[in-house]
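Here is what each chain is made of, one letter per residue.
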There are 2 protein chains.
Amino acid sequence: MVAVFPTARLRTSPFHEATIAEGMTSATIYNRMIMPTTYGDPEAEYWRLIEGVSQWDVGVERQVQLKGPDAGRLAQILTLRDLSNCKPGQGKYAPLCNHRATVINDPILLKHADDLYWFSIADSDIWLWANAVIAERGLNVEVSEPDVSPMALQGPKAEAVVASVMGDWVRDLKYFWFRDAEVEGIPVTVQRSGWSKQGGFEIYLRDGRHGTRLWNIFKEAGRPHGIGPGAPTSAERTESGLLSVGGDTDADTNPFEVRLEKYVNLDVPDDTLGIAALRQIAREGPRRHQLGLILEGDVPAPLGFTHEDILLRGAKAGVMTNCVWSLRMKANIGYALISLEAQAGDAVVIMRPSGMTAGTLVELPFL
Amino acid sequence: MVAVFPTARLRTSPFHEATIAEGMTSATIYNRMIMPTTYGDPEAEYWRLIEGVSQWDVGVERQVQLKGPDAGRLAQILTLRDLSNCKPGQGKYAPLCNHRATVINDPILLKHADDLYWFSIADSDIWLWANAVIAERGLNVEVSEPDVSPMALQGPKAEAVVASVMGDWVRDLKYFWFRDAEVEGIPVTVQRSGWSKQGGFEIYLRDGRHGTRLWNIFKEAGRPHGIGPGAPTSAERTESGLLSVGGDTDADTNPFEVRLEKYVNLDVPDDTLGIAALRQIAREGPRRHQLGLILEGDVPAPLGFTHEDILLRGAKAGVMTNCVWSLRMKANIGYALISLEAQAGDAVVIMRPSGMTAGTLVELPFL
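Residues numbered from 1 in each chain as written. Chains lettered and ligands numbered in written order. Predicted model: local features only at pLDDT ≥ 70, side-chain atom pairs only at ≥ 80, totals over all residues. Heavy atoms only, no water.

It is worth spelling out the overall build of chain A at this point. Summing up its helical and strand segments, chain A has eight helices and 22 strands in all. In summary, chain A has a C-alpha radius of gyration of 21 Å against a globular reference of 21 Å for 367 residues, a match within 12%. Here the C-alpha coordinates of chain A stretch approximately 60 × 50 × 40 Å along the principal axes. Residues counted as buried form 62% of the 367 residues belonging to chain A. Restricting to contacts in chain A with at least 6 residues of sequence separation, those with at least 24 account for 66%. Surface accessibility of chain A: about 14,000 Å² in total, with carbon and sulfur atoms responsible for 50%. (Helix = DSSP H or I, 4+ residues; strand = E, 2+ residues; numbered from the N terminus. Rg over C-alpha atoms; globule rule 2.2 N^0.38 Å. Buried < 20%, exposed > 50% of the residue type's maximum accessible area, 1.4 Å probe, protein only. Contact = heavy atoms within 4.5 Å. Areas by Shrake-Rupley, 256 points an atom, 1.4 Å probe, with all protein chains shown as cover.)

Structure, rendered in structure tokens:
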């Protein structure tokens, strides 16, 4: 554990005061901002996500806004999805690659209008990167970071809570679709989304002055459903097979290696970033893939800051990129980024700081 | 204070084990890596830097390496310094701007050879950004992050310690100049540099397997000089007028606003990033500048995560971007990023979370 002291180089979200009031006990730094990771009882928070409804400050998911005549063209240049049929109000999970096909982020794209898009980003500086691209290409579009900060409601009871605040129309939102709305005068965008597989919504606050008030409105509405604070949950996301770019990937990871092939359309225009390199990789085939790992042992032994080597038949075949105790599987589980030689069912050995540990490769997701 | 738990999305430096052994008690996240900020006795660490020698893990200063036929051309494209007379073995403080003249980083440039440069960077993703530029421009240069991690020796006795390990030749190194060398077989690059004004060196470890050993070699050599662990020190850097990009700057800060004009050469080639916007700003004149602030009160009251508004004659004129207790000045001091209307000598009011606080603007540096 590392204690971080305040500096203006890092930022807080509009929900920071609310999360302090809720008793946040640890956090991480994400897009140079504070993101709560637990409120002191990780096990209760886990079950609340699986069985009830959990309220998350995910304001660190910054919006990279594209606005102007070339916004649609730029959106397509940056993503490997085919956006030609994307409609206003529609969102898409849209991994981004750099020119040499390394996965650098996996945002949710929100198309507001033909000339207005948001990328709701993971942890890397897409604002800086996209601004370099538009300037080099002379595109007529402004790339900015608007005052927009998501809060998530996740879990099987999230829909009931969000419907009680916003109205029953939210029940008809398809996955990743969204709509602008107001809550007691506070402007928000409501999307069916969230970094779990337990269902739920993200409420994008569009005026940072009202973070505490918005938090408390949903907290009150959730009380009959047993709502409580939580955060993106390492165990649940691992069980569910969700990707953490930068954690599960390295500086050379292409999308085919980490189960993103269905989000890569090789027929996107030739000026799409990374597409030439991706077509070549698709022809030659990737050399690694991502599998699940179930480790022996019945004591929680999470990964630290470092990928751990995996041996297959005595030789290094890849790395374990995350590891966490699963309360439902009652085992340490993780991801392997590993040579194609290694297949689900294979027995492997992980070189852990505590010693060699046996494990078995499995297909993802676990649950 | 925020507690951060391990994840492979964040990294440690090769000196991490050594800093744990030294008793590191808090850290920050910088370039998605752990950087120690104190070892439990900030006051002793401060005086050790001012009067003795302090040993720092600054492995978070990642190297962005440019290698290949167009390395020199790319280095000039990225920086506002004139590099035409830069020699192998020479380093330069080299702020980077994006296309619209916002300061995005302020690295030290190291010219190793005509086809090999490093930028030793502050906290933003220059690797991602520079790779976008070279791909868009079709430059023949590879931009990578080599296995290089700086450790700093800072303070008036640093030279004696470094000379005792490396030899007396280090005494002849001019500021920011460097030389490759070995320490007991460990490859290093030794540069007169460091993020303080107390003098010293950075030892760039060029093989991450030897972090603990390198740390301990310098620790042993420093023992007769009273060496101890430390870190970049908010109070000292503020007293000395050093800039923290991202902390003291915002998304619109140009170099003329933060005392970097002497590192901007308006005659660099037209394809230098940001130069067109900088020439326009130079013609029109900047609208803000950076001054020091001395606050009333005799209780330490550091800034949190948020810039604080500054009032001049009752109206908002700028923001206080950092604030820290100075042990030598016995006052809270900070920086103002403020309208040109405000000048050194002016009395201002800072809107602090604890209430309105009187302050006086002064020229930087303080000491």
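Examined at the domain level, chain A breaks down into domain 1 (16-61 + 147-237), domain 2 (63-144) and domain 3 (288-367). Its C-alpha centre places domain 2 of chain A at a distance of 34 Å from the equivalent point of domain 3 of chain A. (Domains from an automatic or database assignment.)

The next point concerns the packing of aromatic side chains. According to the stated counting rule, one finds 10 aromatic pairs over all chains in the structure shown. Seen from their ring centres, B:Tyr46 and B:Trp47 are 5.0 Å apart, and the 85° between their planes marks the pair as edge-to-face. Residue class for B:Trp47 comes out partly exposed when judged on its relative accessible area of 28%. Ring centres 4.6 Å apart and planes at 65° place the aromatic pair B:Tyr175 and B:Phe176 in the edge-to-face group. It is A:Arg259 that lies over the ring of A:Tyr335; its NZ or CZ is 5.8 Å from the centre. When the ring centre of B:Trp177 is taken as origin, the NZ or CZ atom of B:Lys174, which lies over that ring, is 4.6 Å away. (Phe/Tyr/Trp six-rings, centres within 6.5 Å; stacked < 30°, edge-to-face > 60°. Lys NZ or Arg CZ within 6 Å of the ring centre and 35° of its normal.)

All names here are of chain A. Topologically, Pro269 is positioned in the loop between α7 (234-239) and α8 (275-284). The exposure class assigned to Pro269 is partly exposed, which follows from its relative accessible area of 39%. For the pair formed by Pro269 and Ile77, sequence separation is 192 residues and the distance between their alpha carbons is 7.8 Å.

Residues A:Ile203, A:Leu214, B:Ile203 and B:Leu214 are the most contacted members of the largest nonpolar core, which totals 70 residues. Not counting residues within four places of it along the chain, the set of residues in contact with B:Leu214 comprises B:Phe15, B:Met151, B:Val183, B:Ile186, B:Val188, B:Ile203 and B:Leu205. A:Leu83, B:Val64, B:Ile77 and B:Ala130 belong to the second-largest nonpolar core, a separate cluster that totals 56 residues. (Core = buried A, V, L, I, M, F, W, Y, C linked by side-chain atoms within 4.5 Å.)

Residues and elements named next belong to chain A. In this structure, Gln76 sits in helix α3 (residues 71-78). At a separation of 2.8 Å, a polar atom in the side chain of Gln76 contacts the main-chain carbonyl oxygen of Arg81. Setting aside residues up to four positions removed in sequence, Gln76 forms contacts with Arg81, Asp82, Leu83, Ser84, Val268, Pro269 and Thr272. (Polar contact = N/O pair within 3.5 Å; in protein donor to acceptor, adjacent residues only side chain to side chain.)

Counting from both sides, the interface comprises 49 residues of chain B and, opposite them, 49 residues of chain A. Three residues stand out in chain B for area buried against chain A, namely B:Arg9, B:Glu136 and B:Phe305, and they jointly supply 19% of the buried area on that side. The tally of links between chain B and chain A comes to six salt bridges. Connecting chain B to chain A are 14 residue pairs in polar contact (both at pLDDT 80 or more). Elements with a minimum of two residues in the side of chain B that touches chain A: β1 (2-4), β2 (26-30) and α4 (126-137) of chain B. (Buried area = accessible area lost by both parts, 1.4 Å probe. Salt bridge = Lys/Arg side-chain N within 4 Å of Asp/Glu carboxyl O.)

For the rest of this paragraph, the subject is the pairing of strand β19 (residues 315-326) of chain A. All names here are of chain A. Burial runs high along β19: 10 of the 12 residues are buried. The pairing of strand β18 (residues 308-312) with β19 spans five bridges and is antiparallel. Bridge assignment links Ile310 to a residue of β19, and that residue is Gly318. In sequence, β18 turns back onto β19 through a hairpin of two residues, with Arg313 there showing a positive phi of about 50°. In this antiparallel pair of consecutive strands, β19 and strand β20 (residues 331-339), the connection spans four residues, and Lys330 shows a positive phi of 50°. (Pairing = 2+ DSSP bridges.)

Between two packed helices, both the angle of their axes relative to each other and the distance between the axes serve to describe the pair. Residues and elements named next belong to chain B. As a packed pair, helix α3 (residues 71-78) and α4 sit with axes 11 Å apart at the nearest point and diverge in direction by 115°. Both α3 and α4 take part in a crossing whose hand is right-handed. Residues Leu74, Ile77 and Leu78 of α3 lie in contact with α4, whose contacting residues are Trp129, Ala130, Val133, Ile134 and Arg137. The class makeup of the residues in the contact of α3 with α4 is seven nonpolar, no polar and one charged. (Axes fitted to C-alpha atoms, helices over the stretch in contact; angles between N-to-C directions. Left-handed = near helix turned anticlockwise from the far one by under 90°. Nonpolar A, V, L, I, M, F, W, Y, C, P; charged D, E, K, R; others polar.)

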